[in-house]
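# Summary of the model geometry
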Amino acid sequence: MTTDDDSKLRIACIQMQPMVGELETNLAHSLDLIKQAVAQGAKLVVLPELASSGYVFKSREEAFAASETIPGGPAVTAWSEIAAKHGLHLVAGICEREGTKLYNSAVLIGPKGYIGTFRKVHLWNEENLYFEPGNLGFPVYHTEIGRIGMAICYDGWFPESYRLNALQGADIVCVPTNWVPIPGQAEGREAMANILAMAAAHSNSIFIACADRVGVERGQPFEGQSLILSYTGWPVAGPASRDKEEIVIADVALGEARRARNWNAFNQVLRDRRSDVYDEMLGSEVKRGWY
């Protein structure tokens, strides 16, 4: 990091309601909400999963029509322009097209433009009809504000998603998501996704920023409850409501995540792992980062 590790970074998770197939409307709405976050001082902004396209496609043809290439498509271009204008880092969910293949992806954009892509590794339900499983692993990008990893929605149900980010040195994992109700959830209880994200933040000593959507799309309700989590596992902002568009904001010092991994004189949550019992990098080919 080029700035002091104790300096505060203002993070905004934008909880919005995209409309399926309404690309221009969704993009314009996202830009308006980003401007609202900027007006509140945000320097890292997270948008929901498939923020530019909507989620519940009727067919692969409809999904293909809602896709764009990265980084040359209209949404990434517009998001790059607003990031450059306001000195932002931005993570946003997008329907990515690569040749004839589609991916449920997230882009990381900085003040100087496009930085990198994450492709959803674990596909949920009918996503399997439209998208290819992600083939980029869990890349961690070193930026001027810190080390940023990404995951999307159902990836959060797999502890390996967050662990591979943490092992590569991520300070924060940004999660564009479209959470849905989980069977057995009692009325008024927080989303299961909130509980899983809290556990992941604590057990990996990382910040996690989850931006969910709201609304009902073609009969599918979404959970909302966007939140930003400290490395302690406890929320520092949110959860947001279940049904309203909101901007959830928190000020954090990303350097604290790495400093605080020494829980006491004996325990450090990542170094205490037993690589003699299980593979240190979970069988992946990624290289260990600083932790």
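Right above here is the structure, for reference.
Note that the coordinates shown come from a computational prediction; the quantities given were computed from them, not determined experimentally. (Residues numbered from 1 in each chain as written. Predicted model: local features only at pLDDT ≥ 70, side-chain atom pairs only at ≥ 80, totals over all residues. Heavy atoms only, no water.)

### As for the sheet that holds strand β9 (residues 207–211)
Basically, it comes down to this: Two strands are said to pair when DSSP picks up at least two bridges between them. Put simply, DSSP H or I for four residues or longer makes a helix, DSSP E for two residues or longer makes a strand, and each gets a number counted from the N terminus. To obtain each axis, a line is fitted to C-alpha atoms, and for helices this fit is confined to the stretch in contact; angles are then taken between N-to-C directions over 0 to 180 degrees.
The 6 strands are arranged β6-β7-β8-β9-β12-β13 in an open sheet whose pairing can be described as mixed. Each of the sheet's edge strands pairs with one partner strand only, and the pair in question is β6 (140–143) and β13 (235–237). Averaged over all neighbouring strand pairs, the angle between strand axes comes to 25°, with direction disregarded. Pairing analysis gives 4 bridges linking β6 to strand β7 (residues 146–150), with the strands arranged antiparallel. Bridge pairing in β7 places H142 opposite R147.

### Focus on the nonpolar core
Where we set the bar: Think of a nonpolar core as a cluster: buried Ala, Val, Leu, Ile, Met, Phe, Trp, Tyr and Cys residues, connected wherever their side-chain atoms sit within 4.5 Å. Buried means the residue's accessible area, taken with a 1.4 Å probe over protein chains only, is under 20% of the maximum for its type, while exposed means over 50%, and partly exposed covers the values in between.
By size, the foremost hydrophobic cluster in this structure holds 48 residues, and its most contacted members are I11, L44, Y162, I172, I208 and I228. The greatest single-element share of this core, amounting to 5 residues, is contributed by β9.

### Examining unusual backbone geometry
Cis geometry marks the peptide bond from I70 to P71, where omega comes out at 10°. Its location among the elements puts P71 in the loop between α2 (60–65) and α3 (74–86). Going from G238 to P239, the amide bond is cis rather than trans, its omega being 5°. You can see P239 is positioned in the loop between β13 and β14 (246–252). The phi dihedral of N125 is positive, around 50°, even though this residue is not glycine. Mapping N125 onto the fold places it in the loop between β5 (113–119) and α4 (127–130).

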